[in-house]
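Structural description and commentary
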Amino acid sequence: MADEAQPLTDEERAELEALRAEKAAREARELAERERAELEALRAEKAQPAAREVRPTPSAARPAQRVESEDDRRIREARERGAKLMEPDDDLRMPMGQKIVLAVLALLVGIIVVMHFLVG
């Protein structure tokens, strides 16, 4: 019974509030840094003459780009794998994921029909 959820003590509650405040301050700093980088990139873009905007240099575009986190990269790769498995290719052939789903459904229908006749 020791595993039951116990209310927080005053000391634990104070520690939780302090950690929450630290997290909020850190997130506010990160937001301010992103906004500052975006502002600087927009100022640099505005300062460039129209003739130079045809092809911006990679170093000028770099601050405006968002740094891709590990989670974002992992999610993007998972979406690409899912799209490859479930979306038709250029020849509009049925993807392997849809074939598997249809085969499993057909198997389930077959099992239900056989059970219906054997039991009934």
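Residues numbered from 1 in each chain as written. Predicted model: local features only at pLDDT ≥ 70, side-chain atom pairs only at ≥ 80, totals over all residues. Heavy atoms only, no water.

Before going further, it helps to examine the overall build of the protein chain. Scanning the protein chain from terminus to terminus reveals 4 helices and 0 strands. In sequence order, the protein chain lays out its α and β elements as α-α-α-α. For the protein chain, the residues scored as buried account for 2% of the 120 residues in total. In the form shown here, the protein chain has an accessible surface area of approximately 11400 Å², with 59% of it arising from carbon and sulfur atoms. (Helix = DSSP H or I, 4+ residues; strand = E, 2+ residues; numbered from the N terminus. Buried < 20%, exposed > 50% of the residue type's maximum accessible area, 1.4 Å probe, protein only. Areas by Shrake-Rupley, 256 points an atom, 1.4 Å probe, with all protein chains shown as cover.)

Taken residue by residue, the protein chain gives an average pLDDT of 82. The fraction at 70 or more is 81%. Here helix 2 (residues 58-61) stands out as the element of the protein chain with the lowest mean pLDDT, 51, in contrast to helix 4 (residues 96-119), whose mean of 93 is the highest. (pLDDT = per-residue confidence, 0-100.)

Within the structure shown, the criterion is met by 6 salt bridges. The salt bridge involving Arg-20 is made with Glu-17; its shortest N-O contact spans 3.2 Å. One end of the pair is Arg-20 and the other is Glu-17, both in helix 1 (residues 10-47) and 3 residues apart, which spans about a single turn. Residue Glu-17 is classed as partly exposed on the basis of its relative accessible area of 42%. Residue Arg-74 pairs with Asp-71 through a salt bridge whose shortest N-O separation is 3.6 Å. Within this pair, Arg-74 and its partner Asp-71 are both found in helix 3 (residues 70-86), separated by 3 residues, close to a single helical turn. (Salt bridge = Lys/Arg side-chain N within 4 Å of Asp/Glu carboxyl O.)

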